[in-house]
Every structure is written in structure tokens, then in C-alpha cells.
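Observations on chain architecture
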Amino acid sequence: MPSKGKVLQLQHYSLNDGSGIRTIIFFAGCPLRCKWCANPEGFSTKNHIMYDSTRCTACDECRAACPIGLAPDLNDEKVRRNCTGCGACVTVCLTGARRNSLYEITVEEAVSALEPQRIFFEQSGGGVTYSGGECTQQAKFLCDLSQTMYDLGISQTMETSGYFELDRIRPVLERVDLLFIDIKMMDRERHKYYTGVDNTLILKNIRTLGAEEKQIVIRIPLIMGVNGDDENVKNTAAFVKRYLPYPKIELLPYHEYGKDKYRQLGLVYENTGFRTPSAEELEKCENIIRSQGVEMVSYK
């Protein structure tokens, strides 16, 4: 049987997350629950209906299409709780007020979607980036897809939280040219509070992959009030310097671009004092990182 995966979207013509012009494949499913996540639709591999009430005209076509006759308003907690995510309502919504959070795709379908992009990859030194969610959550699909891309000579990059069983995705790591791995924060208990898991496995994987001389860029989603303090930035840079043979860090300043998605999914956005760093604070963090002997890089 063809290998199938569940993805949020394929984003073409991206200039971020790797060199050149890229297609980013956003995988569904993530073991972390970062309180600042910009892609909450990627938490699960189960489809959820994203509902934008500002576009709804209350035509009631969705109620007629729904197998259990749910009312249109998915902002109603009871309606949302009973929704199975079958997607029947999405097919009849004429205003785009409803959409599926994910869809299934085979390796062959992914290759077909990428074929028109290959000329841009070749001319710009770009390729494919696996992101999410957390792409390693769908290890079989990721492995099959990466093998096909490797056979086609397409450069591959992977973005990951680092929270994975290394042996399960070892074949993938042999095929990718660059890894972006997040270090949210160094303190284990704070990491667990803000993300739902501690960072023991993440740091262990980084140490192992560093010893194997993999090409790695560590990313810090920089959030003032969470991990933007001098001590955490310094400790992160010191760890990267110690364990990576080519120590590099990219800072990703906090933003609220995904905030509206929480509303569309019936979720609460937990902004507990998160703040975007100012230009001065960002420069200070960069200087701390450089003082530890780590190179600052940017793929934005």
C-alpha cells in the first residue's frame, strides 16, 4: 500500500527554513503543547473543523450536511464537543467559514505536487523542508517520503522539537542536509511547564547528533517573560558550544500570528505575559550568544 501521511499544508515558494526557494511540508501531530504555539491545528493527527464565524452567513447548509445535524456555530462548546471532524460541512460551505485542519496525502501525491517546484529548487539551491506540528510523529511516512526525495536528488531540511526516538528516524537523518532543532529553554521543570514535556530527551538527542557531526542549527523561540532572560540565553549558548562541532543559533522572536487559529478551533490562547523582544533586547541576546563562541545565523 502507498504510504500515507496527514499534513496541514504544503507551502510553496518559501524563502525561510533553509536555503533557496523551498516547499515546506507541515506534518500534523505533536507531542508538545507549547503555550505560544502558532500552529495549534498541528497538535493532533485527527481532523478538526476550523470555524471562522466572521465569514459564516448562517445559511444552514452545514447542518443539513452534518451526519448528526449539528448547529452551525462551532464556537458553541457543546456543538464543538460533539463534532467528529468528518468534514462533510466543509464541502458545502460556500463562504470558506469552515475548513479542515488537515488532509491525507500519499508519497506519490506529494511528489506530484512538488514536481512544478523542482526548477525553483535547482536554480536557487532550495528544496523541501519537513515541519509541523512535529514531523517525526509520522515516522513511517517521513521515512518513505525522505527516501523518495533523496532518490530524486532533492535537498532536504527538517525542523523538529528534538523530542523523538532517535532510532525510529535514523534513516531520515542520513538523508537530510540540515536540521533545525529547537531549544525552548534549559531548565527542565520550566520546559515541562511551558511545553508539557521536559527537555531531557531533546538535549540528549542534540548531544548525540552533535557527536555525529550532523549539520544542526539550534533555534530559540525568543519570548520575553519565558526564556529571554540573560541566564537562559547564556546557558543555551554554552550548551550549543559544548556539544555541537559547528555551533549555530537562530533566534525566532515571539509573535501572535497564530492567535486567531485558537478561536477557530475553539481553544483558549494562553498568553501568560508573553512578549516580543524589542530590538535592543534582541541585540543583547545575540551578543550574549556570540560571547559564548556561537555563530548567529538567520534563515528568515
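Scroll up for the structure.
The following refers to the structure shown. (Residues numbered from 1 in each chain as written. Predicted model: local features only at pLDDT ≥ 70, side-chain atom pairs only at ≥ 80, totals over all residues. Heavy atoms only, no water.)

**Regarding the packing of aromatic side chains**
Scanning the entire structure with this criterion turns up 11 aromatic pairs. When the centroid spacing of 6.4 Å and the interplanar angle of 45 degrees are considered together, the rings of Trp36 and Tyr194 count as tilted. Residue Trp36 is found in the loop between β2 (22-27) and β3 (49-51), and its partner Tyr194 is found in helix α8 (residues 188-195); the two are separated by 158 residues along the sequence. Assigned by exposure class, Trp36 and Tyr194 land together as buried. When the ring of Phe180 is compared with that of Tyr299, the centres are 5.0 Å apart and the planes differ by 85 degrees; the resulting orientation is edge-to-face. In this pair, Phe180 sits in strand β8 (residues 178-182) while Tyr299 sits in the segment after β11 (295-296), placing the two residues 119 residues apart along the sequence. Judged by its relative accessible area of 1%, Phe180 is buried. For Tyr299, a relative accessible area of 19% puts it in the buried group. An aromatic cluster is present here, built from Trp36, Tyr193, Tyr194, Tyr254 and Phe274 joined pairwise through their rings. Here the basic side chain of Lys35 rests over the ring of Tyr193, its NZ or CZ set 5.0 Å away from the ring centre. The positively charged end of Arg207 is found above the aromatic ring belonging to Tyr243, 5.7 Å away from the centroid. (Phe/Tyr/Trp six-rings, centres within 6.5 Å; stacked < 30°, edge-to-face > 60°. Helix = DSSP H or I, 4+ residues; strand = E, 2+ residues; numbered from the N terminus. Buried < 20%, exposed > 50% of the residue type's maximum accessible area, 1.4 Å probe, protein only. Lys NZ or Arg CZ within 6 Å of the ring centre and 35° of its normal.)

**Here we look at the pattern of salt bridges**
A complete count under the given rule lists 18 salt bridges for this structure. Here Lys214 and Glu174 are joined by a salt bridge, their closest N and O atoms 3.3 Å apart. Separated by 40 residues along the polypeptide, Lys214 in the loop between α9 (200-211) and β9 (216-222) and Glu174 in the loop between α7 (170-173) and β8 bring together distant segments of the chain. The class for Lys214 is buried, based on a relative accessible area of 17%. Between Arg219 and Glu250 there is a salt bridge, with its nearest N and O atoms 2.7 Å apart. Taken as a pair, Arg219 in strand β9 and Glu250 in strand β10 (residues 248-253) lie far apart in primary sequence, 31 residues in all. In this pair, the class of Arg219 matches that of Glu250, namely buried. Residues joined in a network through salt bridges with shared partners are Asp17, Glu159, Arg219 and Glu250. (Salt bridge = Lys/Arg side-chain N within 4 Å of Asp/Glu carboxyl O.)

**What to know about the pairing of strand β7 (residues 156-160)**
A large share of β7 lies buried, amounting to 5 of its 5 residues. Side chains of β7 alternate between two faces, with Gln156, Met158 and Thr160 and Thr157 and Glu159 buried alike. The parallel pair strand β6 (residues 127-132) and β7, bridged by helix α6 (residues 139-151), forms a crossover whose chirality is right-handed. Bridging between β7 and β8 involves 4 bridges; their strand directions are parallel. Bridge pairing links Thr160 to Ile181 in β8. (Right-handed = clockwise from strand over helix to strand, strands pointing away. Pairing = 2+ DSSP bridges.)

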